[in-house]
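# Structure assessment
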Amino acid sequence: MSVNEGKEKIALRNLRQIYYIRNQQTKRLEEFVALEDFSLSIEEGTFIAIVGPSGCGKSTLLDIVAGLTRSKGGSIEIDGEKVTGPSLNRGLIMQGYALFPWRNVRKNVEYGLEVKRVPKAERKAISQKYIDLVDLSGFEERYPNELSGGMRQRVAIARALAYDPQVLLMDEPFAAVDAQTRETMQDELLRIYAKTEKTIIFVTHSIEEAVLLADRVVVMTPRPGRIREVVDITLPRPRFNADVRVSADYGVLVQRIWELLHEPDVAPAPAGPGEDGVIDIADEILPSAVL
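Just so you know, these numbers come straight off a predicted model, no measurement behind them. Note that residues are indexed from 1 along each chain, following the sequence as it is written. In keeping with the model being predicted, local features are shown solely for residues with a pLDDT of at least 70 and side-chain atom pairs are shown and tallied solely at 80 or more, while totals for entire chains, interfaces and linings include all residues. Hydrogen atoms and water are omitted, and side-chain values are computed over all heavy atoms in the structure.

### Some remarks on the overall build of the protein
The condition that has to hold: Helix and strand assignments come from DSSP, with helices taken as H or I runs of at least 4 residues and strands as E runs of at least 2, each series counted from the N terminus. Only protein chains enter the accessibility calculation, which uses a 1.4 Å probe. A residue is then buried if its area is under 20% of the maximum for its type, exposed if over 50%, and partly exposed in between. Whether two residues touch is decided by their heavy atoms; if any such pair falls within 4.5 Å, the residues are in contact. For the accessible areas, the method is Shrake-Rupley and the probe is 1.4 Å, while residue cover comes only from the protein chains on display.
Each helix and strand counted, the protein has 9 helices and 11 strands in total. Taking all 291 residues of the protein together, the buried fraction comes to 51%. Considering only contacts in the protein between residues 6 or more positions apart, those separated by 24 or more positions represent 71%. Surface exposure of the protein reaches about 14,100 Å², of which carbon and sulfur atoms provide 50%.

Structural data, given as structure tokens:
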């Protein structure tokens, strides 16, 4: 249990995000609403998972929290301060690893520490701590092309943790690995979360993964993305054992979220990019991909 339990860490208030797309018939730019009236309070040390259909704005939301994209409405605060851009108090981990191919494991992990101008000797000690934490001892001098997908993702996690961000933002980090590696990485993340008590926002398409990892699961509607319901996950921690995945309570929670995702909307979502070839994305205006 975190000593900061109950303290609000992140406040998302009435977020709205729009993009502009070009209608191929009229050649005019039209509004494309990705997020609408998205509000959520996240307590310090809480693991939040976000699930929803493709195109509902999950990754757009992470971009906004990371400070990579500015919302067109609403506000976001971390520890009472407005987010206006990227910061080292947030670590972003994506499914594509985003490692520097010319840097070995240690140098990749040390990158954020270099940005913070941490002295060389201290950088080495800190990087070793997190290399050990993700079970990559002995691979310090290897380069990304010499590692498996699961090992590269471990490096990405170690790099994000090494500069000690307050919040971890994870965008489907295990989607690119095989099923067995994915289960191993889930257990690894549960162990890391238990040790660090970081505040985590984790985007996934997997209901099972969301229930296994999170304290709360945010279920989003189809585009425009709104919160349909927030489901409390009452499974006891720690959860890194096979019994959790086959328990009756786990199955009930998975079924509940599945039902929420399949509830029909009152009104259909407006047409979007790639549907019947009617419109295309105006790349010069679109700030980031809508996922």
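### Comments concerning the packing of aromatic side chains
What counts, and what does not: The aromatic pairing rule takes the rings of Phe, Tyr and Trp, using the six-membered ring of Trp, and pairs them if the centres are within 6.5 Å, calling planes under 30 degrees apart stacked, those over 60 edge-to-face and the rest tilted.
All told, the structure shown has 5 aromatic pairs when counted by the stated rule. For the pair Phe 47 and Phe 202, a centre-to-centre distance of 5.8 Å together with 40° between the ring planes defines the contact as tilted. You can see Phe 47 sitting in strand β3 (residues 47–51) and its partner Phe 202 sitting in strand β8 (residues 199–203), a full 155 residues away along the chain. By the burial criterion, Phe 47 is buried, and Phe 202 matches it. Aromatic rings pair up to connect Phe 47, Phe 174, Tyr 193 and Phe 202 into one cluster.

### Things to note about the packing of helix α4 (residues 120–133) against helix α5 (residues 149–162)
Axis angle and axis distance: for two packed helices, these are the angle between their axes and the distance between the axes, and together they describe the pair. The line we're drawing: Angles here are taken between N-to-C directions and fall from 0 to 180 degrees, while the axes themselves are lines fitted to C-alpha atoms, restricted in helices to the stretch in contact. Angle categories are assigned with fixed cut-offs, so that under 35 degrees is roughly parallel, over 145 is roughly antiparallel, 65 to 115 is roughly perpendicular, and the rest are oblique. Crossings are classed by handedness, with left-handed meaning an anticlockwise turn of the near helix from the far one by less than a right angle and right-handed meaning a clockwise turn. Under the scheme applied here, ten amino acids are nonpolar (Ala, Val, Leu, Ile, Met, Phe, Trp, Tyr, Cys and Pro), four are charged (Asp, Glu, Lys and Arg), and all others, including Gly, are polar.
Interhelical geometry of α4 versus α5 gives an angle of 140° and a closest axis separation of 9 Å. Looking at the two axes, α4 sits oblique to α5. Of the two possible hands of crossing, α4 and α5 adopt the one that is right-handed. Where α4 abuts α5, its residues Ile 126, Tyr 130 and Leu 133 lie against Ala 158, Leu 161 and Ala 162. Here the residues of the contact of α4 with α5 are counted per class, giving 6 nonpolar, no polar and no charged.

### Concerning the side chain of Lys 9
Here is the rule we go by: Polar contact is the term for a pair of N or O atoms within 3.5 Å; when the atoms are in protein, one must be able to donate a hydrogen and the other to accept it, and sequence-neighboring residues count only if both atoms are side-chain atoms.
Structurally, Lys 9 can be placed in strand β1 (residues 8–23). Side chain to side chain, Lys 9 and Asp 79 meet in a polar contact 2.8 Å long. Within the structure, Lys 9 has its side chain in polar contact with the side chain of Gln 166 (distance 2.8 Å).

Function cannot be inferred from these measures alone, as they are strictly geometric.
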